[in-house]
Amino acid sequence: MIIDAYVTRPILGGGVLSLWDENYKLEGEEGIQFGQRTWNRKMVGSPFVHGEFPVTQVLANSTLNLVVQVQGASQADLASKIAALVAAFSQFEYEFYIEFDSHEWAWTCWAAD
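Keep in mind it's a predicted model, so treat the numbers as computed, not measured.

Conventions adopted
Residues numbered from 1 in each chain as written. Predicted model: local features only at pLDDT ≥ 70, side-chain atom pairs only at ≥ 80, totals over all residues. Heavy atoms only, no water. Helix = DSSP H or I, 4+ residues; strand = E, 2+ residues; numbered from the N terminus. Polar contact = N/O pair within 3.5 Å; in protein donor to acceptor, adjacent residues only side chain to side chain. Contact = heavy atoms within 4.5 Å. Pairing = 2+ DSSP bridges. Patch = residues over 30% accessible without salt bridge, like charges linked within 9 Å, V, L, I, M, F, W, Y side chains within 5 Å. Areas by Shrake-Rupley, 256 points an atom, 1.4 Å probe, with all protein chains shown as cover. Salt bridge = Lys/Arg side-chain N within 4 Å of Asp/Glu carboxyl O. Buried < 20%, exposed > 50% of the residue type's maximum accessible area, 1.4 Å probe, protein only.

Re the side chain of N23
Logical step 1: Turning to its location among the elements, N23 is positioned in the loop between β2 (16–18) and β3 (24–26).
Logical step 2: A polar contact of 2.6 Å, which involves the side chain of N23, links it to the side chain of K81.
Logical step 3: Excluding anything up to four places from it in sequence, N23 contacts Q69, V70, Q71 and K81.

Written out as structure tokens, the structure reads:
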């Protein structure tokens, strides 16, 4: 059960856009798909030793796919709320927070595709 989810809007004048209220709903567990962890590695090899060995490795940026249900009282209201959602996720940089089954996650994000 999702308890809270929101995205910050520093570029759009501050405040947060809640994704768990009467206007927006994340689509349960199916609507949140955590991306896989990928490592950026620097490998070194030698003509005298089989294979390669990691010299350094850091986690690459990850992807979080969301499904959001948007509700509006009219077509114009719905269009306005969709525009606010797209604007929030199109910012150059923002933060996304979610609390799910007593676990909290926070991400610093860049403009969504």
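Picking up after the structure, the text goes on.
Comments concerning the pairing of strand β5 (residues 39–46)
Logical step 1: Across eight bridges, the pairing between β5 and strand β6 (residues 49–59) is antiparallel. Along β6, the bridge assignment pairs M43 with P54.
Logical step 2: Connecting β5 to the antiparallel partner β6 that follows it, the hairpin turn spans two residues.

Topic: a nonpolar patch on the surface
Logical step 1: A cluster of nonpolar side chains, V44, F48, V49, F53 and V55, forms an exposed patch at the surface whose accessible area comes to about 530 Å².
Logical step 2: Among the elements that make up the nonpolar patch, the one with the highest residue count is β6 (three residues).
Logical step 3: When you line up the elements, V49 lands in strand β6.
Logical step 4: Take V49: its relative accessible area is 42%, and that puts it in the partly exposed class.

Remember that the coordinates give geometry; whether it matters functionally is a separate question.
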